[in-house]
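Chain by chain, the residues:
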2 protein chains.
Amino acid sequence: MMDTPLIMTQIIERAEKYFSKKEVVSRTDGGIHTFTYAEIAARTRRLASVLGKFGIKTGDRVGTLAWNHHRHLEAYFAIPCSGAVLHTINMRLSPQHVSYIVNSAKDRLLLIDPDVIPLLEAIKDELPTVEGYIVMTDKAELPETSLSPLYHYETLLAEGNPKQPFIEDLDENAPAGICYTSATTGNPKGVVYSHRGILLHAIALGLADSTAISERDVALPVVPMFHVNAWGMPFASVWFGTKMVLPGPYFTPKILAELIEAEKVTIAAGVPTIWLGLLKELEETSHDTSSIRAVLCGGSAAPKSMIKAFEQKLGIPFLHAYGMTETSPLVFISKPKSYQEGLPEDELYELKAKQGLVAPMIEIKVVGPDGEVSPDGKEMGELLIRGPWIADEYFQDERTEDTFKDGWLYTGDVVTIDEEGFVKIVDRTKDLIKSGGEWISSVDLENALMAHEGIFEAAVIAVPHEKWQERPIACVVLKDAYKGQVTEENIIEFLKPQFAKWWLPDEVVFLDEIPKTGVGKFLKRALRDQLQDKYIKN
Amino acid sequence: MMDTPLIMTQIIERAEKYFSKKEVVSRTDGGIHTFTYAEIAARTRRLASVLGKFGIKTGDRVGTLAWNHHRHLEAYFAIPCSGAVLHTINMRLSPQHVSYIVNSAKDRLLLIDPDVIPLLEAIKDELPTVEGYIVMTDKAELPETSLSPLYHYETLLAEGNPKQPFIEDLDENAPAGICYTSATTGNPKGVVYSHRGILLHAIALGLADSTAISERDVALPVVPMFHVNAWGMPFASVWFGTKMVLPGPYFTPKILAELIEAEKVTIAAGVPTIWLGLLKELEETSHDTSSIRAVLCGGSAAPKSMIKAFEQKLGIPFLHAYGMTETSPLVFISKPKSYQEGLPEDELYELKAKQGLVAPMIEIKVVGPDGEVSPDGKEMGELLIRGPWIADEYFQDERTEDTFKDGWLYTGDVVTIDEEGFVKIVDRTKDLIKSGGEWISSVDLENALMAHEGIFEAAVIAVPHEKWQERPIACVVLKDAYKGQVTEENIIEFLKPQFAKWWLPDEVVFLDEIPKTGVGKFLKRALRDQLQDKYIKN
Ligand SMILES: Nc1ncnc2c1ncn2[C@@H]1O[C@H](COP(=O)(O)OP(=O)(O)OP(=O)(O)O)[C@@H](O)[C@H]1O
Ligand SMILES: Nc1ncnc2c1ncn2[C@@H]1O[C@H](COP(=O)(O)OP(=O)(O)OP(=O)(O)O)[C@@H](O)[C@H]1O
Ligand SMILES: [Mg+2]
Ligand SMILES: [Mg+2]
């Protein structure tokens, strides 16, 4: 067979040639814009020529701090299709983390949204590798700022070459992107994506048994483009000629609902907190969401009650998936097999709330203290993963050796696997509650709590305990209408029939909000810090 | 990213682990058998251990001369998953061709169906590399034959190891299979398939925009397993846990219709002659075919009238595709884009009768005398193809240099490409009729002829002509009810409104049958030989 490499130029060139009329709808601070793929491709080529003028060479890192919009999409292709490395930076991280990340990657240029200027101004003197800031704005004028040198994206593009050829003869294993983990459990770690990995992963998203992204779809990646490449959805969508809807900055559940209705979105992707918010919106106001064939949800466990509410109350099919920054991210997707569809309702939703079956091309192992666990859905072990879109190291990071061993990625996630191959995340190793020598799953307790009609969000953490080592504490955010109505006792009573007595939380703490990471995951680290003092003192 | 290779062991191991309960239904001369993937995998491991006992090593070729059944499926995996090369041999070729092929590939073992024994007996003395014949039969006894040494497949399997480990650490570019072309235009040419090529091609079959093969499907490959690996369908089906139905030897349209009804087939694949036969069957007798979501048709042009009959009369969605032995085979698939679905009926069927849009990962070029043709659906040029599942040579064959040039496969097919990227095969270069310096497409004339209510099959060939160099002759097979009713004049009158005058065939020859290749394509070579004398004499 020919040794034609799998490289990203194929993706954008396919959209340019065969789907030139299909559209990208982009919401920016200036409003809604619509571009065809012909236009997006020409603008991408212009940007590639601009990068060339800046002297960006094969292997150089170019950073982005931007929301989901068409300019970010152009950068997604112009950078790797010039041979450089797309570094998507989570702008919601602390200034220290952003500075750490830019320096770790040695970014030469930063493509930024106007609203991150204050963040960058605060750290600009710590960024010696950055040679310029390119502002992606609708406005004709550049904002006032001390960042320098500062460039105007559209002005640069206007001077660019719309027929700029992309790089050829690139090795498929060459780096195309780099992204740092969400820093849910510690400092962010850099993960490098190869062209090959990105293409194989994008193809997997097109499989009928996976997310089945196709030309017929209208795809809405709500997951930020700085979070694991928006789960690869932009790559798959461009490749397959899928219409894209990019929700831009500071969207609300209402804005999402309106976009879904106006653009007839068929598939949308985001973390559970996004869907909790949308669920609330759709329950309160009326929107036509009948176009949606799948809500794709990952990044944290999707509570069973939420999946059920989407499917049964709203008639919106729900797809629960699992992945990591280290895994590009798709690893599991929870789609019942044909012969499981007739399961009794409750079992079916148990299944859908699992993280699912492993994608083709990826292999897993679940390893407990005595070797591989038995596939009984009960025995717990750490999840190990390998495959062509799984990282084999952290970028120039000593933590590599703890996580990548004997050709496997050690996820730090504790799971069970059932007879059908469906994997269920019990907890992160760091979040598992070890009480009196036994394990309590914070995820299971959260799942049960979020099924309570009065509870909007809930996180369960371990606090130190003299006798039992650790005990669970439930942190609960009540829905507005239930504030002051639901008591600690009510909640414990509600949990009692579902769990062994020693699983029940020692206390229920009512909060206004659960602290979250930059991508919307519960930040249990912060919760623990917040509550630590109280319990250490006890 | 990890450098885990794409190798075939992943496919069978996935079915073994995650789809162990799903079934393969196999029709042999002994009746219908049903095996689960757990059983198929264990039998495949047994066969792999048997191959080891025969001393088969990495890179060795093992041949099969067999119909589509479960034992052939086991060989499909046991051979490459032992590191050896699966050589599927077209048993309908002439003894000379079979002998040529076995010697060219240097097959060490042949796995054969009982009914090919006479063929092999005739050539056994010309096969010095063959060390043994393994008969795949339901019967307990081996047949009487002069072939030697002769082995009994099931007896060998009974002694094999059901837990035999498959090969590890294989390069993804290692050869997994070899297949010779259909010999429609000359001597067969060997094409080697790599593990990587087979896996990427199988993944492409799973794409929602392609054939979308999934766990939910029941797949019936009617296309023989000796014809381009049954178009890769067995690889995709096993990988995705799809139930398979293998139709076995000497099936008739009636047997196919019954299998479809009994097993609730959802997708079936075969050449146009198969579907013409099935169409006739379904028009004459009643069968429930409501389970079918796609009839996949390639290998020769699918006449528009047939596509229409399937979709409109039978309500069976039709998928026209194009490929070659050299291309694994999938290159084009004719699925209207979302915005084309509203086209007027006639334009829609024109589109579906085209060969379609190129698959992701594959690139094409259409080159005429003045370079790349314009995408206007009119300008003709030769089709060039490249990509990771496209061959880069013929196996030890001098003809390599005519076909593989500057990194492209020169197909010898003349095509047009329209504004939407849809490619239409005008003709094979060798079948194009050059009349008075202009080109006449035999495919277009055949298409029109087959839309005549009285015509069952039609092939148009060129015969030499003093003045015009070549002129078209139509060879027509009438439907039984129309025999003696339809005249040459009727047919020419029927064509007249559709073509320029000089396109009309000089003569209509009525035949009982169009000669066909081993895979059911019109063998125009034979037709030309048959009619040559007559016209040379003129
Ligand atoms: N569907 C899911 N259900 C439960 N947990 C999930 C799911 N999807 C992802 N996760 C969790 O998210 C993790 C991967 O997240 P990500 O790569 O965004 O960074 P992080 O692990 O949150 O941050 P860091 O590694 O920096 O602490 C997984 O290891 C797993 O713990
Ligand atoms: N959908 C289709 N419509 C028209 N022609 C097709 C279609 N699919 C395949 N073909 C023809 O079949 C050819 C590939 O067939 P295959 O590899 O089976 O061997 P062959 O070309 O018939 O035989 P040989 O190369 O030995 O002469 C293509 O080059 C093309 O001419
Ligand atoms: Mg992590
Ligand atoms: Mg050919």
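Note that this is a predicted model, so its numbers are computed, not measured.

Would you mind showing me how to read the UniProt feature "domain: AMP-dependent synthetase/ligase" (unreviewed entry) in chain A here?
Here, UniProt's "domain: AMP-dependent synthetase/ligase" (unreviewed entry) annotation points to residues 15-395 of chain A. End C-alpha to end C-alpha, residues 15-395 of chain A measures 31 Å, and it is 32% helix and 23% strand.

Would you mind going over the interface of chain B and chain A with me for this structure?
It is common to report an interface's size as the accessible area lost on association of the parts. Counting residues at the interface gives 57 residues for chain B, matched by 57 residues for chain A. Where chain B abuts chain A, roughly 4800 Å² becomes buried across the two surfaces, and 56% of that area is made up of carbon and sulfur atoms. Interface area lost by chain B to chain A is led by Met1, Met2 and Tyr18 of chain B, which between them contribute 20%. Run the count over chain B and chain A and you get 8 salt bridges. The salt bridge involving Glu419 of chain A is made with Lys21 of chain B; its shortest N-O contact spans 3.9 Å. On inspection of chain B and its partner chain A, the count reaches 24 residue pairs in polar contact (both at pLDDT 80 or more). Those elements that provide at least two residues to the side of chain B that touches chain A are α1 (9-18), β9 (190-194), α7 (195-206), α9 (233-240), β16 (357-358), β19 (381-386) and β21 (408-417) of chain B. Here the element with the most residues in the side of chain B that touches chain A is α7 of chain B; it accounts for 5 residues.

Would you mind showing me how to read the sheet that holds strand β13 (residues 294-297) of chain A here?
Across a sheet, paired strands are connected by hydrogen bonds in the backbone, their directions being either parallel or antiparallel. All names here are of chain A. If you trace the 9 strands from one edge of the open sheet to the other, you get β2-β1-β11-β10-β12-β13-β14-β15-β16, paired in mixed fashion. Both edges of this open sheet fall to β2 (31-36) and β16 (357-358), since each of them pairs with a single strand only. Across 2 bridges, strand β10 (residues 218-221) lies against strand β11 (residues 243-246) in parallel orientation. Residue Ala219 lies in a different strand from β11, and its bridge partner there is Met244. The sheet strands contacting helix α3 (residues 70-78) are β1 (23-28), β2 and β11, and the helix crosses β1 at an angle near 120 degrees. Against the sheet, helix α10 (residues 253-263) makes contact with β1, β2, β10 and β11, and its axis sits at roughly 165 degrees relative to β10, the strand it touches most.

Help me out: how do you make sense of the domain arrangement of chain A in this one?
All names here are of chain A. Structurally, chain A comprises domain 1 (9-251), domain 2 (362-428) and domain 3 (433-536). Look at where the C-alpha atoms of domain 1 and domain 3 centre, and you get two points 38 Å apart. Summed over both partners, the interface of domain 1 with domain 3 comes to about 630 Å²; 53% of that surface belongs to carbon and sulfur atoms. Remark: the boundary between domain 1 and domain 3 carries 0 salt bridges. Of the residues belonging to the side of domain 1 that touches domain 3, the class tally is 2 nonpolar, 6 polar and 1 charged.

In this structure, what is going on with the UniProt feature "domain: AMP-binding enzyme C-terminal" (unreviewed entry) in chain A? I would like to understand it.
With numbering aligned to this structure, UniProt lists the feature "domain: AMP-binding enzyme C-terminal" (unreviewed entry) at residues 445-521 of chain A. End-to-end, the C-alpha atoms of residues 445-521 of chain A are 16 Å apart, and along that stretch the chain is 17% helix and 32% strand.

Sorry if this is basic, but what is going on with the pattern of salt bridges here?
Applying the stated criterion across every chain yields a total of 72 salt bridges over all chains. Note that Lys424 of chain B is salt-bridged to Asp444 of chain B, the shortest N-O span being 3.0 Å. Taken together, the residues Lys424 of chain B in strand β22 (residues 423-428) and Asp444 of chain B in helix α15 (residues 442-449) connect sequence positions 20 residues apart. When its relative accessible area of 22% is taken as the criterion, Lys424 of chain B is described as partly exposed. Sharing partners across several salt bridges, the network here consists of Arg43, Arg71, Glu74, Asp138 and Glu154 of chain A.

Definitions and limits used
- Residues numbered from 1 in each chain as written.
- Chains lettered and ligands numbered in written order.
- Predicted model: local features only at pLDDT ≥ 70, side-chain atom pairs only at ≥ 80, totals over all residues.
- Heavy atoms only, no water.
- UniProt positions renumbered as here; feature names shortened; annotations may be inferred.
- Helix = DSSP H or I, 4+ residues; strand = E, 2+ residues; numbered from the N terminus.
- Contact = heavy atoms within 4.5 Å.
- Buried area = accessible area lost by both parts, 1.4 Å probe.
- Salt bridge = Lys/Arg side-chain N within 4 Å of Asp/Glu carboxyl O.
- Polar contact = N/O pair within 3.5 Å; in protein donor to acceptor, adjacent residues only side chain to side chain.
- Pairing = 2+ DSSP bridges.
- Axes fitted to C-alpha atoms, helices over the stretch in contact; angles between N-to-C directions.
- Domains from an automatic or database assignment.
- Nonpolar A, V, L, I, M, F, W, Y, C, P; charged D, E, K, R; others polar.
- Buried < 20%, exposed > 50% of the residue type's maximum accessible area, 1.4 Å probe, protein only.

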